[in-house]
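# Structural features, examined
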Amino acid sequence: MSVLKSRPVLRWLVPVTAVATVIGGGAALGTFAAQAEPSLPPRTAAQLLVDLQTSRLEGLSGTVVQRADLGLPPLAGLVGGDGLTGLLTGTHTLRVWHSGPDRQRVALVDTLGEHDIVRNGRDVWAWNSRSNTATHRTLTEGSAGAQTPELPVTPGEAADRALAAIGPSTEVSVGRSATVAGRDAYELVLAPRDAASLVHQVRIAIDARQHVPLRFEVFADGSDKPAFEMAFTQVSYARPDADQFTFNPPPGVKVTEETAGRQPADAPGKRRADGERPDVRTVGESWATVVVARLDGAGTPADRPTTGGRAGNGPAAPAALLGALPKVSGDWGSGRLLTGKLFSALLTDDGRLIAGAVTPERLYEVAKG
């Protein structure tokens, strides 16, 4: 069980998987440049894990830079646009505010507009100035945590997932000390022992005083540069003013009201009472976990609703994207393969999407099984 499960505050630091602005590479990447190592008292990996579990944080605000170099092939519609796929490549920046488990805000601004996600108690707003629209959701009392929309991934949240893999399949050690956003930090290093994993190392820089993740890096096999990294470039631990979490729709904005926690009885792919989805399953564990999803005719997991007549509310359905990739075949069948530095995805001709941070050979094994 992850040491961060009981520390939800750590899972909301530095959101990144939302619409972000691509900024000048030279200036942004310079913030990740190595600095002189600070002199810190020695701490073991076990002590750093305890630090993460026991940290207390009242508030936070700051600026974050995220960079992704996943080695994706040039594929029209796969990256770019006003959506999550835009973060699959390039460098992005945003501002974040945090004040307890029920007050968070992310502001993402580029030359074409602004996109905000704001949670204030049971009210959750998503505003897009480019489309001049806003969505409002009221979380029901008693289960707001489970009904919070898909908020952006954060270094703490990413660390949570990586730390959940700690076990016999993971080598845990302490790396070099570092300075991140002007703060002294220890570095926790996770290295998969499973040869099927494409991940070489995960490095988490932890604030030496506040014990929260300040930087998260993932290195692919055979590379000495991170394929994915996110880090604070400026951070303050003062509690933000309450008015930072008050959202008033600008004049002329079209507001859509959504109801949290409700799903029609006949909704396709409805979750079972135990929360499991019958059309999505996992194979393997830890770093070699592979997700297998049964796709509908539009190339979308059967339980995922479509929006605006376009599957998954993205630039294109998975089947449409992967259909432009090279064809592969074997004793497991045939399909299309997408490979990057940190993951592989296989769309089989019988309608399965099989993906994981593993080698293609591992996907073929799962497809055969």
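Predicted model, so just to flag it, every value in this text is computed and none were measured.

What follows concerns the nonpolar core. In terms of nonpolar packing, the biggest core is built from 25 residues, with Leu188, Leu190, Val202, Ile204, Phe216, Phe228 and Leu342 touching the most fellow members. Elements that contribute at least two residues to this core include exactly helix H2 (45–54), helix H4 (155–163), strand S10 (183–192), strand S11 (199–207), strand S12 (213–220) and strand S13 (228–236). Listed in part, the 16 residues of the second largest apolar core include Leu94, Ala205, Val212 and Phe232.

Two elements, strand S19 (residues 327–330) and strand S20 (residues 333–339), share 4 bridges in a ladder whose sense is antiparallel. Within S20, the position partnered with serine 329 by the bridge is serine 334.

A few words on H2. Looking at H2, one finds that the buried residues are Ala45, Leu48, Leu49, Asp51 and Leu52. Projection of H2 onto a plane perpendicular to its axis shows the buried side chains occupying an angular sector of 155°, all on one side.

With that settled, consider the packing of aromatic side chains. By convention here, two paired aromatic rings are described through the distance between centres and the angle between planes. The tally for this structure, following the rule as stated, stands at 3 aromatic pairs. Judged by centre distance (5.9 Å) and plane angle (45°), the rings of tryptophan 127 and phenylalanine 247 are tilted. In this pair, tryptophan 127 is assigned in strand S6 (residues 123–128) and phenylalanine 247 in the loop between S13 and strand S14 (254–259), connecting sequence segments 120 residues apart. Since its relative accessible area comes to 14%, tryptophan 127 is described here as buried. The buried category is assigned to phenylalanine 247, whose relative accessible area is 12%. Relative to tyrosine 364, the ring of tryptophan 332 has its centre 5.1 Å away and its plane inclined at 5°; by these criteria the two rings are stacked.

All chains considered together, the criterion is met by 14 salt bridges. Note that arginine 67 and glutamate 229 form a salt bridge whose closest N and O atoms lie 2.6 Å from each other. On the criterion of sequence distance, the pair formed by arginine 67 in strand S2 (residues 60–69) and glutamate 229 in strand S13 is long-range, its members being 162 residues apart. Given the relative accessible area of 13%, arginine 67 is considered buried. The class for glutamate 229 is buried, based on a relative accessible area of 5%. Connected through salt bridges with shared partners, the residues Glu187, Arg215 and Glu217 form a single ionic network.

Within the open sheet, the 6 strands sit side by side as S15-S16-S22-S21-S20-S19. Their pairing is antiparallel. Each edge of the open sheet is held by one strand with a lone partner, namely strand S15 (280–283) and S19. For this sheet, the mean angle separating the axes of adjacent strands, direction not counted, is 25°. With 4 bridges joining them, strand S21 (residues 344–348) and strand S22 (residues 352–356) adopt antiparallel strand pairing. Paired with leucine 346 across the two strands is isoleucine 354, which belongs to S22.

Reading guide: rules and limits
Residues numbered from 1 in each chain as written. Predicted model: local features only at pLDDT ≥ 70, side-chain atom pairs only at ≥ 80, totals over all residues. Heavy atoms only, no water. Core = buried A, V, L, I, M, F, W, Y, C linked by side-chain atoms within 4.5 Å. Buried < 20%, exposed > 50% of the residue type's maximum accessible area, 1.4 Å probe, protein only. Helix = DSSP H or I, 4+ residues; strand = E, 2+ residues; numbered from the N terminus. Pairing = 2+ DSSP bridges. Arc of directions from axis to C-beta. Phe/Tyr/Trp six-rings, centres within 6.5 Å; stacked < 30°, edge-to-face > 60°. Salt bridge = Lys/Arg side-chain N within 4 Å of Asp/Glu carboxyl O. Axes fitted to C-alpha atoms, helices over the stretch in contact; angles between N-to-C directions.

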